[in-house]
Amino acid sequence: MEKLNNVDKVSIAALLLMSISLTAAFVLSPLSGLALGANSLSSNVIGTVTVPSTCFATVSNTAINFGSLAPTAQYAPANLVVDSNAGGNVAANIVVSGTDWTSGGNTFLVTNTVWNPTNTVTFTPSNDLTAVPVDTHIQISAGGSGNIYFGVQIPPGQAVGTYTQNIIVESSC
Amino acid sequence: MNFQRASSFLFILSFLVFGVVSAQLGEVAGPVSFNVNISSSQTIQLNVINSGSSPISYKVILPQLVAQQVNSTAPNITSSTPLVGTIMPYTQFPINLTVYMPSGNNKPGYSWSGVVQVIETTNQTQAGGAVVQSGVAKIISISAAQPKPLNPLIYVGGIIIIAIIAAFAYKKVILSKKAAGKGATMPTSLYIRSKNGRISSSKPKKTRNKAKKQRKRVTSAKKKAPRKRR
């Protein structure tokens, strides 16, 4: 068998490369009929994302000071503005709940706090704040805002003290 | 000019304060309804969103279920997600709730409702008055469904397992019988007395067939042997 000289080797290598490149072009040519170069590679990746309905709500302040109240005194109304965060895209229902009032070892019931969608907070009849969350039916549209008013009544004979309570305002949708 | 500076400073300050105090918790909308087979459980994922740029410490309060029927046995609600933790900024945070429906007095169609609360926890203290916490609430409803029928595959699997055990047991019995037949209970040697008075012995481990063959051999030899004339 004849030995190949360097020129032959180079030409064979070139032919091999050409054939490989041609094969590659044949395999990878897109079906969509786009005019692409022989060695171009194109692929379409379809991205999908589902944006669900969401709601947010924020409160205007994190504390309500009802001031100094004597037993049997009533305080109303304390206004709390609730905003629907712009991040949401559907209306939020406002749900409220709370804890008992405490001052050291002294307590009085959560139901002494009342809420109302308007500033006409009444104590009889009243929407009592409860430990179990209650739907106020106050609806805040996406990006909108609304008000909820709170009042408190001190029970007769309540011991002297500085009482605190947690009021929980939540969005629900 | 000074007024403009002051107003812009106040605006930035109010924005910063608002950004700090306002809750950024939200939720994915939609009802959450469990339909749980009696003596089974079901898991549903709630998604809570932190749309703010800072982490939010949260606390999950599982619902106190209100039954629609008297004398019902309340389902058991648990969360595999920690009830206290932190939600990272711009994150959709899943809370997995599992409801187990005990059989008790429950019948299909019995239902309960309650509210799952995810509250932003703050270290704020208030010297008198009310501390306002914000969060998200999800009203959930639970209903009891018929107990799940046992999967027929379980029956088939059980039958197959029993069949396999029976086959093994049968094989073992056969093998032990065979082993017994090979001489465990046989006499140490088997003596065969032929009609012509010869005594042949066979080893006990040999089978009966071998003894039979020997007996045959003896009888054939007897046939071949010429009779002595008296």
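Conventions and cut-offs
- Residues numbered from 1 in each chain as written.
- Chains lettered and ligands numbered in written order.
- Predicted model: local features only at pLDDT ≥ 70, side-chain atom pairs only at ≥ 80, totals over all residues.
- Heavy atoms only, no water.
- Phe/Tyr/Trp six-rings, centres within 6.5 Å; stacked < 30°, edge-to-face > 60°.
- Helix = DSSP H or I, 4+ residues; strand = E, 2+ residues; numbered from the N terminus.
- Buried < 20%, exposed > 50% of the residue type's maximum accessible area, 1.4 Å probe, protein only.
- pLDDT = per-residue confidence, 0-100.
- Contact = heavy atoms within 4.5 Å.
- Disulfide = S-S within 2.5 Å.
- 1 Å grid on protein atoms, 1.4 Å probe; cavity = no way out; pocket = protein on both sides within 12 Å on 5 of 7 lines; lining within 4 Å.
- Points joined across faces, edges and corners; volume = space filled by probe spheres on them.

J.: So what about the packing of aromatic side chains? Which residues, and what values?
T.: This structure, assessed with the given rule, holds five aromatic pairs over all chains. Here the aromatic rings of Phe-66 of chain A and Trp-101 of chain A are separated by 5.9 Å at their centres, their planes lie at 70°, and the arrangement is edge-to-face. Taken as a pair, Phe-66 of chain A in the loop between strand S3 (63-64) and strand S4 (74-83) and Trp-101 of chain A in strand S6 (residues 101-103) lie far apart in primary sequence, 35 residues in all. Note on Tyr-58 of chain B and Phe-93 of chain B: the rings are 5.2 Å apart at their centroids and 55° apart in plane angle, and the pair reads as tilted. One end of the pair, Tyr-58 of chain B, is in strand S4 (residues 56-61); the other, Phe-93 of chain B, is in strand S8 (residues 91-100), with 35 residues separating them in the sequence. Exposure remark for Phe-93 of chain B: the relative accessible area of 17% places this residue in the buried category. One aromatic cluster is present, built from ring pairs that chain together Phe-66, Tyr-75, Trp-101, Phe-108 and Tyr-163 of chain A.

J.: Account for the confidence of the model for chain B, with residues named and values stated.
T.: All names here are of chain B. Summarising the model, chain B shows a mean pLDDT of 77, and 66% of its residues fall at 70 or more. The model gives residues 1-23 a pLDDT under 50, and that stretch makes nine contacts with residues more than four places away or in other chains. Across residues 184-189, where pLDDT falls below 50, the model places seven contacts with residues more than four positions away in sequence or in other chains.

J.: Can you explain the confidence of the model for chain A? Please cite residues and give values.
T.: Any segment with low pLDDT has predicted coordinates that should not be analysed in fine detail. All names here are of chain A. Mean pLDDT for chain A: 80, with 76% of residues reaching 70 or above. The weakest mean pLDDT in chain A belongs to helix H1 (residues 6-28) at 46; the strongest belongs to strand S7 (residues 106-108) at 97. Scored below 50 in pLDDT, residues 14-36 makes seven contacts in the model with residues more than four places away or belonging to other chains.

J.: Give a description of the state of the cysteines that names residues and reports values.
T.: All names here are of chain A. In total, this model carries one disulfide over all chains according to the counting rule given. Linked covalently through their sulfurs, Cys-55 and Cys-173 form a disulfide whose S-S length is 2.2 Å. As the torsion about the S-S bond is roughly -90°, the Cys-55-Cys-173 disulfide counts as left-handed. Note that Cys-55 is positioned in strand S1 (residues 54-56) and Cys-173 in the segment after strand S12 (164-172), a separation of 118 residues in sequence.

J.: Lay out empty space enclosed by the protein in plain terms, naming residues and giving numbers.
T.: Residue and element names in this part refer to chain B. Per the stated rule, a full pass over the model turns up one cavity of 30 Å³ or more. If you add up the space inside the largest cavity, you get close to 50 Å³. For the largest cavity, the full set of lining residues is Glu-27, Leu-46, Asn-47, Val-48, Val-116, Val-118, Val-136, Ala-137 and Lys-138. Those elements that provide at least two residues to the lining of the largest cavity are strand S3 (41-50), strand S9 (111-120) and strand S10 (129-145).

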